Amino acid sequence: MPVGLFRVCLLVITAIVNHPLFFPKENGTIPENTEEIIQKMKEREERLRLEQLRLEQEIADQEATQKALENAAVVVEESKEGKVRWDMWTALSMVIFLLIELWRQDFQEGNWQDIGGEEDDMAVLGKAFKGVAFPDKAVLASFYEKRILGTTGDMARMREMVEGFADDLLEALRSVCNRDADMEVEDCMGVGSMYENWRVRKPFVCDLIVPFAPPEPYCFRCQTWCSGDPFPPDEQGYGTIKVCRADENATGCICDKTKLGEDMLCLLHSQVSSTRPSSEMEDLLCFKNTQYLDADQVMKWFQIAVTKAWNRISHKYEFDLSFSLLDLPGALKIKFKSGKSIAFNLTPVVQYENSDVYFISHFPRSSLAVDIPSSTHWFLTFAVYERRFIQLVSKTLPANACHVSCLQILSFLHGKQCSLTGPSGLTNYHLKTVLLHLLQARPSQDWAPEKLEARLQDMLKFLEKCLHEKKLYHFFIGNGKVPAELGFPIIFQRAEPLNLFRPFVLRRDIYRKMVDTFHEMLRNMSALINEYTVHIPLAHTNGIRKEPL
């Protein structure tokens, strides 16, 4: 009973406590808290949605990056495969090109005479002798004996006569010149084909060079393209000559390069000596307003001096003397009363330092050759060393060696061809350069007299190769194998090789004319030689075909 009563009382108390009217304020906030909770839940839901979008964007970016990397890898792989395919096609193309080139050369061996036109069609070079009837030893020997030896017997007497007269003329020139103001003229020297004994074509012309120097206290300072001074590529082979006082530094005093101011004076040079009048330099044959020797001024001075000298000694001789060519300062001609004449060149030159290399005022040139850049540029001639080299090598060759005979025959053929088809850029100096290269390259025994035919073919083939490559290097410049006995200046041996055919590289018309002249000479060689050859028995001429001119 008590237990039951206690349970009833507990139930009543619990009902009273939980009645909402006992706690109105506490239960009145329920609706407000619910709205706040709902609002917070919406905000959190929005944040979760934004975060989901951000994560989805990041995942999409990562997938795009991964896809791009995969595409790049595919492209690289495909490029490698394409490069391998391209290398295979390149190699295959090269093989096809080489096969076509070999076929073209084989085809031209039997058809070189039909080839012409543009420069690219000139593959005949190196194959030309396949279609040429080359004279044999008997025909060449007969031709040389009749045509070459028969016309060169008077050269020694002519050289002696010209040298004697030139010495007398220069002595008179010294007497008419003012020793204190005019140039000082030295003794002349003979150079060129007449003094190397390979001149064959008439008229015979002796080439004499005359070194000259300025009066005291002046001197010449020579500058070349290989001495460190700036020279353009087209001026290689030339140099300039500066007229300086002997006590002047090669580079000049610093007072000439620095503005000292009006109240400052150079302690080494007075005001008078530091500003040299232009008229004084012109009296020293310099170009206007410069210190560089002018070749045109030298030409005028030399012609006037020679004229005065001849007027002084003309009464001693029974002939007349005149200038034969206006563009050469010393092209002289002796005219006898009988009508005969002798021509010779007396050319003023300037010595390069203490060597036998000379700056020449006017170098004899072909009419098709390029012009000198300016009158202050002087061409360098190595003629003295060329003559010495031939003399030095000749001492080591067999008796009656054929080296001079080869050059004489080739010079004769070239001259005859030029008389038929006109002059070309190819000159006798080019032919002489070919001989100098072969003299250095071949052993002495190869120049025995019985090997004339073989050596002549070697010269023609060497020249043919040079024409094809457009390269014929000067024998001395850049040649480190020049014999030490010659005493050749080391500065030119260490220089870059000088290509004598360089002027023709950009002048296709002259180059084309040169090659055409050479090919015509080869085709007409047999006919030209037979024309000047005595009758040879048929036994010696089997297989020789005379071709039309």
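Residues numbered from 1 in each chain as written. Predicted model: local features only at pLDDT ≥ 70, side-chain atom pairs only at ≥ 80, totals over all residues. Heavy atoms only, no water.

Peer 1: Is there a simple way to think about the overall build of the chain in this case?
Peer 2: From N to C terminus, the chain includes 15 helices and 10 strands. Out of the 549 residues in the chain, the part that is buried amounts to 40%. Within the chain, residue pairs in contact and separated by at least 24 positions form 69% of the contacts whose partners lie at least 6 positions apart. Counting every atom, the chain has about 32200 Å² of accessible surface; 56% of that belongs to carbon and sulfur. (Helix = DSSP H or I, 4+ residues; strand = E, 2+ residues; numbered from the N terminus. Buried < 20%, exposed > 50% of the residue type's maximum accessible area, 1.4 Å probe, protein only. Contact = heavy atoms within 4.5 Å. Areas by Shrake-Rupley, 256 points an atom, 1.4 Å probe, with all protein chains shown as cover.)

Peer 1: Would you mind going over helix α9 (residues 295-313) with me for this structure?
Peer 2: It helps to recall that an α-helix has 3.6 residues per turn; residues three or four apart then point in one direction. Given a rise of 1.5 Å per residue, 19 residues ought to cover 27 Å, and the 27 Å separating the end C-alpha atoms of α9 matches this to within 8%. Sitting at the amino-terminal end of α9 is Asp294, which places a side-chain oxygen 3.0 Å from the backbone nitrogen of Asp296. (Expected span 1.5 Å × (residues − 1). Polar contact = N/O pair within 3.5 Å; in protein donor to acceptor, adjacent residues only side chain to side chain.)

Peer 1: Looking at this model, I keep getting lost on the confidence of the model for the chain. Mind explaining?
Peer 2: Any segment with low pLDDT has predicted coordinates that should not be analysed in fine detail. Mean pLDDT over the chain stands at 78; residues scoring 70 or higher make up 71%. Segment residues 22-31: pLDDT under 50, and three contacts once partners within four positions in sequence are set aside and those in other chains are kept. For the stretch residues 105-125, pLDDT sits under 50, and the model shows 34 contacts to residues farther than four places along the chain or on other chains. (pLDDT = per-residue confidence, 0-100.)

Peer 1: Sorry, what's going on with the packing of aromatic side chains here?
Peer 2: Applying the stated criterion across every chain yields a total of 27 aromatic pairs. Plain terms: the ring middles of Phe143 and Phe412 are 5.2 Å apart, the flat faces sit at 55 degrees to each other, and that makes the pair tilted. Highlighted residues: Phe143 in helix α4 (residues 137-148) and Phe412 in helix α11 (residues 403-421), separated in sequence by 269 residues. Judged by its relative accessible area of 0%, Phe143 falls in the buried class. Ring plane angle 65 degrees and centroid distance 5.5 Å describe the contact between Phe319 and Phe336, whose orientation is recorded as edge-to-face. Residue Phe319 is found in strand β6 (residues 319-323), and its partner Phe336 is found in strand β7 (residues 331-336); the two are separated by 17 residues along the sequence. Overall, the relative accessible area of 9% leaves Phe319 in the buried class. (Phe/Tyr/Trp six-rings, centres within 6.5 Å; stacked < 30°, edge-to-face > 60°.)

Peer 1: Sorry if this is basic, but what is going on with the nonpolar core here?
Peer 2: Membership of the largest hydrophobic core comes to 113 residues, with the highest contact counts inside it found for Leu169, Leu293, Phe344 and Leu346. By residue number, the principal contributor to this core is helix α15 (residues 508-531), which donates 10 residues. Those residues in contact with Phe344 that sit more than four places away from it in its chain are Val162, Phe165, Val205, Cys206, Leu208, Leu321, Gly330, Ala331, Leu332 and Ile334. Grouped together as the second largest cluster of nonpolar side chains are nine residues, Ile209, Tyr238, Phe379 and Val384 included. (Core = buried A, V, L, I, M, F, W, Y, C linked by side-chain atoms within 4.5 Å.)

Peer 1: Which parts of the structure should I look at to understand unusual backbone geometry?
Peer 2: Trans is the common state for peptide bonds, and a negative phi is the common state for residues other than glycine. The omega torsion across Lys202 and Pro203 is 0 degrees, close enough to zero to call that bond cis. Structurally, Pro203 is set in the loop between α6 (193-196) and β3 (205-213). A cis geometry characterises the amide bond from Glu216 onward to Pro217, with omega recorded as 10 degrees. Of note in the backbone geometry, Asn197 takes a positive phi value of approximately 65 degrees without being a glycine. Structurally, Asn197 can be placed in the loop between α6 and β3. Residue classification places Asn197 among the partly exposed positions, given a relative accessible area of 40%. Of note in this structure, Lys470 is not a glycine but carries a positive phi near 55 degrees. What makes Lys470 buried here is its relative accessible area of 14%.

Peer 1: For this particular structure, what's the right way to read the UniProt feature "coiled-coil region" (unreviewed entry) in the chain?
Peer 2: According to UniProt, the positions carrying the feature "coiled-coil region" (unreviewed entry) are residues 38-72. The span residues 38-72 is 100% helical and 0% strand by assignment, and the distance between its end C-alpha atoms comes to 51 Å. (UniProt positions renumbered as here; feature names shortened; annotations may be inferred.)

Peer 1: Can you help me understand the packing of helix α5 (residues 155-176) against α9 in this one?
Peer 2: Packed helix pairs are specified by the crossing angle of their axes together with the interaxial distance, meaning the distance between the axes. One can describe the packing of α5 onto α9 by two numbers: an axis separation of 8 Å at closest approach and a directional angle of 105 degrees. With respect to each other, α5 and α9 are oriented roughly perpendicular. Every residue of α9 that contacts α5 at Phe165, Asp168, Leu169, Ala172, Leu173, Ser175 and Val176 is listed here: Phe302, Ala305, Val306, Lys308, Ala309, Trp310, Arg312 and Ile313. Among the residues forming the contact of α5 with α9, the class breakdown is 11 nonpolar, one polar and three charged. (Axes fitted to C-alpha atoms, helices over the stretch in contact; angles between N-to-C directions. Parallel < 35°, antiparallel > 145°, perpendicular 65-115°, else oblique. Nonpolar A, V, L, I, M, F, W, Y, C, P; charged D, E, K, R; others polar.)

Peer 1: Would you mind going over the pairing of strand β10 (residues 378-381) with me for this structure?
Peer 2: Remember that side chains alternate between the two faces of the sheet whenever the strand is regular. Here β10 shows two buried faces, one formed by Trp378 and Leu380 and the other by Phe379 and Thr381. The pairing of strand β5 (residues 238-245) with β10 spans two bridges and is classified as antiparallel. Each residue of the ladder has a partner; that of Gly239, found in β10, is Trp378. (Pairing = 2+ DSSP bridges.)

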